[in-house]
Amino acid sequence: MTRLVWLVSLLLCGGCAGGGAAGELGLVVLAGTLAFGFVVWSIEGGKKGRSKRAAGKLTNDRGTMLDQAMAQKKGQRLDPRSRKIIAGKMGLYHWLPKELMKPWEERILAFLEHFPITFMKRDQATEEMRLLVAAEACLLIVKRPLSDYRHLRVIHLWEHEIEGNESARGSADRHEVNLSWGYLKKTIGQARDGHNLVLHEFAHLIDFADDGVAQSIPVSNASPDFEEWRDLVEHEHARLMKAYEDGRNYSIRAYGGYESIQGDKPEIFSCGTSAFFERGSRLRRECPQIYRAMSKFYGVDPARWRKQKRV
Ligand SMILES: [Zn+2]
């Protein structure tokens with residue numbers, strides 16, 4: 001019964017950051033589209049009618065499979081063309097330390113193979129769309145396992161507004177992420193404003209993964225870090241609300257404090273994650289406990305990142 005929580009906890013994130021070819025080519029495109037549609041349909045349809053126990057087992061098996069897939073990518077690199085597309089659009093690419101490039105690219109390659117990304121729930125997303133979503137999603141887990149995304153089934157990109165959720169730029173539940181491509185494309189170049197749509201929504205996915213609840217505690221209640229996270233969220237929520245009541249600018253966005261669902265506070269972790277990666281120094285100065293906890297959880301130290309001379 002408690003697992004019903006995630007069903008009703010679709011995160012609206014209203015404030016998220018914030019062929020026509022002929023002949024053989026046409027047939028190939030058509031066949032590819034149909035095959036892709038079938039994969040998405042199978043995945044979506046497969047969720048229904050599956051018993052909870054079977055779903056749990058599948059999820060654990062899927063996590064193992066994803067980690068094995070990532071291990072198989074060891075030593076593989078993105079091709080220069082893909083890297084150029086990412087470098088040309090993604091602001092954070094230019095801040096990523098050199099020693100993280102290899103593990104990051106390995107994860108991107110595995111991610112692209114295992115998560116379908118649609119455009120308007122109808123077509124496969126373009127290469128550029130897929131690369132940019134994968135690149136940002138894998139930044140979160142650059143020092144973590146791909147099984148963090150073991151519950152994720154599909155990512156839907158929308159031209160502008162998200163169907164059925166028109167006021168939001170992104171949303172996430174335990175199995176699905178929706179993103180406004182128009183908004184993503186416009187904002188992905190900004191690496192230091194503390195808002196990041198993909199990091200924000202995938203942080204929700206990680207928060208859901210351990211226990212089916214997004215309450216800004218990304219570890220399960222069996223973890224030795226659970227109590228610390230619970231206290232941190234309460235403490236930080238109070239500080240955040242006080243800062244905004246006093247009219248002070250703050251490293252974590254106000255949305256992170258105002259939005260709560262059934263008493264949980266899901267946006268502290270998601271807005272905090274965007275601040276951690278994009279405004280690390282400031283978050284470390286203003287909220288050292290949150291910064292330390294995130295640094296331990298994500299295994300990185302963005303306050304020390306410096307802009308790289310990279311083409
Ligand atoms: Zn959110």
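Only a predicted model underlies this, so the values are computations on that prediction, with no experimental measurement involved.

With respect to the overall build of the protein chain
Working step 1: If you tally the helices and strands in the protein chain, you get 13 helices and five strands.
Working step 2: Going through the 311 residues of the protein chain one by one, you find that 41% of them count as buried.

Things to note about the environment of alanine 203
Working step 1: Relative to the elements of secondary structure, alanine 203 occurs in helix 8 (residues 197–209).
Working step 2: Classification of alanine 203 as buried rests on a count of 28 C-beta atoms within 10 Å.

Quick notes on the packing of helix 6 (residues 127–140) against helix 8
Working step 1: As a packed pair, helix 6 and helix 8 sit with axes 9 Å apart at the nearest point and diverge in direction by 55°. One element, helix 6, and the other, helix 8, form an angle in the oblique class. Regarding helix 6 and helix 8, the two cross each other, and that crossing is right-handed. Residue-level contacts link Val133, Glu136, Ala137, Leu139 and Leu140 of helix 6 to Val198, Leu199, Phe202, Ala203 and Ile206 of helix 8.
Working step 2: Its residues placed into classes, the contact of helix 6 with helix 8 shows nine nonpolar, no polar and one charged.

Some details on the nonpolar core
Inside soluble globular proteins, nonpolar side chains tend to come together where they are buried.
Working step 1: Grouped together as the largest cluster of nonpolar side chains are 75 residues, with contacts concentrated most on Ala135, Cys138, Leu139, Leu140, Phe202 and Leu205.
Working step 2: Shared between two domains, this core takes at least three residues from each, and those domains are domain 1 (26–196) and domain 2 (226–304).

Brief notes about the confidence of the model for the protein chain
Working step 1: Overall, the prediction assigns the protein chain a mean pLDDT of 86, with 81% of residues at 70 or greater.
Working step 2: Across residues 1–9, where pLDDT falls below 50, the model places 11 contacts with residues more than four positions away in sequence or in other chains.
Working step 3: Taken together, the stretch residues 17–29 has pLDDT below 50 and engages in 14 contacts with residues farther than four places along the chain or on a different chain.

Some details on the sheet that holds strand 1 (residues 117–119)
Working step 1: In spatial order, the strands read 2-1-3-5-4; together these five strands make up an open sheet with mixed pairing. Across the chains shown, the open sheet's two edge strands, defined by having one partner strand only, are strand 2 (123–124) and strand 4 (170–172).
Working step 2: Where strand 1 and strand 2 come together, two bridges link them in antiparallel fashion. Across the sheet, residue threonine 118 finds its bridge partner in strand 2, namely glutamine 124.
Working step 3: Sheet strands touched by helix 6: strand 1 and strand 3 (154–158). Its angle to strand 1, the strand with the most contacts, is close to 135°.

Observations concerning the environment of glutamate 163
Working step 1: Structurally, the position occupied by glutamate 163 is in the loop between strand 3 and strand 4.
Working step 2: Classification of glutamate 163 by C-beta neighbours within 10 Å gives exposed; the count is 10.
Working step 3: Measuring from C-alpha to C-alpha, the distance between glutamate 163 and methionine 120 comes to 8.4 Å, with 43 residues separating the pair along the chain.

Structural notes on the pairing of strand 3
Working step 1: In terms of residue burial, strand 3 counts as a mostly covered element, since four of its five residues are buried.
Working step 2: Note: strand 1 against strand 3, three bridges, orientation parallel. Following the sheet pairing, threonine 118 is matched in strand 3 by histidine 156.

Things to note about helix 13 (residues 288–298)
Working step 1: Along helix 13, the residues that are buried comprise Ile290, Tyr291, Ala293, Met294 and Tyr298. Around the axis of helix 13, the buried residues are gathered within 165° of arc, so they sit on the same side. Facing away from the buried side of helix 13, by more than 90 degrees, are the exposed residues Pro288 and Lys296.
Working step 2: Buried residues along helix 13 sit in contact with helix 6, helix 9 (226–245), helix 11 (267–278) and helix 12 (280–286).
Working step 3: Looking one or two places after helix 13, you find glycine 299, whose phi comes out positive at around 75°.

Rules used in this analysis
- Residues numbered from 1 in each chain as written.
- Predicted model: local features only at pLDDT ≥ 70, side-chain atom pairs only at ≥ 80, totals over all residues.
- Helix = DSSP H or I, 4+ residues; strand = E, 2+ residues; numbered from the N terminus.
- Buried ≥ 20, exposed ≤ 12 C-beta atoms within 10 Å, placed from the backbone.
- Axes fitted to C-alpha atoms, helices over the stretch in contact; angles between N-to-C directions.
- Parallel < 35°, antiparallel > 145°, perpendicular 65-115°, else oblique.
- Left-handed = near helix turned anticlockwise from the far one by under 90°.
- Contact = placed C-beta atoms within 7 Å.
- Nonpolar A, V, L, I, M, F, W, Y, C, P; charged D, E, K, R; others polar.
- Core = buried A, V, L, I, M, F, W, Y, C linked by C-beta atoms within 7 Å.
- Domains from an automatic or database assignment.
- pLDDT = per-residue confidence, 0-100.
- Pairing = 2+ DSSP bridges.
- Arc of directions from axis to C-beta.

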